[in-house]
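Survey of secondary and tertiary structure
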Amino acid sequence: MQKRDNNSVSLAGEFAVLSQLVLNGYDANKTLGRTKGVDILVSHHETMKMYKLEVKTKYRTSRKKLSISKVYGKVLGQWIMDKKHESLVDPPLFYCFVMICEPTSSFEFYIVPSRVVARYVAEQHKYCLRKKRKEGKKVADTRMRAFRMGFKGHKYGVVTPVSETYQNNWEFRES
């Protein structure tokens with residue numbers, strides 16, 4: 001099996017999200033080119049509500065559903081983010097974290113409000129730096145960040161969004 005290039009994985013995630021939105025009664029349009037930080041514009045014809053979605057896609061080649069770390073705990077997966085995501089708080093902006101699982105040919109979708117993502121990305125980064133420095137490690141503070149999805153009933157160093165709350169959140173709930 002050949003390695004998938006990142007652009008193909010990103011596009012596959014965006015088109016999978018578009019199909020789910022349409023199946024859930026939304027009008028959805030992929031943005032082109034100049035709309036930074038927004039991949040899909042969403043509207044609901046009955047409620048007249050509008051949303052912006054940024055899609056982050058992870059391609060998993062194993063059947064393993066979670067990872068366990070001393071620092072981060074038990075998580076579903078992680079998606080690469082940037083320092084800018086710490087301050088992107090906009091009520092109509094949501095992130096759709098997509099997990100494509102190659103062995104089962106399945107897709108999982110986690111729709112999370114931007115305020116939840118911003119808070120987690122900022123707090124988790126600070127926590128990680130503190131923890132590593134406490135261990136005596138020299139750590140460079142870069143722009144790279146990560147978003148991780150946890151599970152209900154597990155303990156984490158910072159408040160961690162859980163998969164049970166955000167999986168298939170096509171109603172764009174804020175909780």
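Here, the structure is the one placed above.
To start, this report covers the structure provided alongside it. Keep in mind it's a predicted model, so treat the numbers as computed, not measured.

This part takes up the pattern of salt bridges. Tallied over the full model, the rule gives nine salt bridges. Residues Glu14 and Lys30 are paired through a salt bridge, measuring 2.4 Å at the closest nitrogen-oxygen approach. In this pair, Glu14 is assigned in helix H1 (residues 6–23) and Lys30 in strand S1 (residues 26–30), connecting sequence segments 16 residues apart. Note that Asp82 is salt-bridged to Arg143, the shortest N-O span being 2.8 Å. A residue pair is termed long-range when its members are at least 10 positions apart, and Asp82 in strand S6 (residues 77–82) and Arg143 in the loop between helix H2 (114–134) and strand S9 (144–149) qualify at 61 residues.

This paragraph deals with H2. Its 21 residues give H2 an end-to-end C-alpha distance of 30 Å, which sits within 8% of 30 Å, the value for a rise of 1.5 Å per residue. Its buried side turned inward, H2 meets S6, strand S7 (93–101), strand S8 (106–113), S9 and helix H3 (163–166). One or two residues past the end of H2 sits Gly136, with phi positive at roughly 85 degrees.

So, about the packing of aromatic side chains. What describes a pair of aromatic rings is the distance from one ring centre to the other and the angle between the planes of the rings. This structure, assessed with the given rule, holds eleven aromatic pairs. Their ring planes at 45 degrees and their centres at 6.5 Å tell us that Trp79 and Phe147 sit as a pair that is tilted. With Trp79 in strand S6 and Phe147 in strand S9, the pair connects residues that are 68 residues apart, well separated along the chain. Residue classification places Phe147 among the buried positions, given a relative accessible area of 0%. The aromatic ring of Phe151 is capped on one face by Lys74, whose charged end is 5.5 Å from the ring centroid. One cation-aromatic arrangement involves Arg148 over Tyr72; the distance from NZ or CZ to the ring centre is 3.4 Å.

Let's shift gears to the pairing of S7. Counting buried residues along S7, nine of its nine residues qualify, which places the element largely inside the surrounding structure. Of the two faces of S7, the one carrying Leu93, Tyr95, Phe97, Met99 and Cys101 and the one carrying Phe94, Cys96, Val98 and Ile100 are both buried. Where strand S3 (residues 50–60) lies against S7, nine bridges are found, and the strand directions are parallel. Following the sheet pairing, Thr57 is matched in S7 by Val98. The sheet contact formed by S7 and S8 spans eight bridges and is antiparallel. Looking at the pairing, Val98 lines up with Phe109 of S8. Remark: four residues form the turn of the hairpin made by S7 and S8, two consecutive strands paired antiparallel; Ser105 in that turn has positive phi of roughly 50 degrees.

Let us look at the sheet that holds S1. Reading across the sheet, the five strands line up as S1-S2-S3-S7-S8 and stay open at both edges, with mixed pairing between neighbours. At either margin of the open sheet sits one strand with a lone partner, and together these are S1 and S8. Strand after strand, the sheet turns through a mean of 30 degrees between neighbouring axes, direction not considered. On the sheet, H2 packs against S7 and S8 and is oriented at approximately 90 degrees with respect to S8.

Cut-off values and rules
Residues numbered from 1 in each chain as written. Predicted model: local features only at pLDDT ≥ 70, side-chain atom pairs only at ≥ 80, totals over all residues. Heavy atoms only, no water. Salt bridge = Lys/Arg side-chain N within 4 Å of Asp/Glu carboxyl O. Helix = DSSP H or I, 4+ residues; strand = E, 2+ residues; numbered from the N terminus. Expected span 1.5 Å × (residues − 1). Contact = heavy atoms within 4.5 Å. Phe/Tyr/Trp six-rings, centres within 6.5 Å; stacked < 30°, edge-to-face > 60°. Buried < 20%, exposed > 50% of the residue type's maximum accessible area, 1.4 Å probe, protein only. Lys NZ or Arg CZ within 6 Å of the ring centre and 35° of its normal. Pairing = 2+ DSSP bridges. Axes fitted to C-alpha atoms, helices over the stretch in contact; angles between N-to-C directions.

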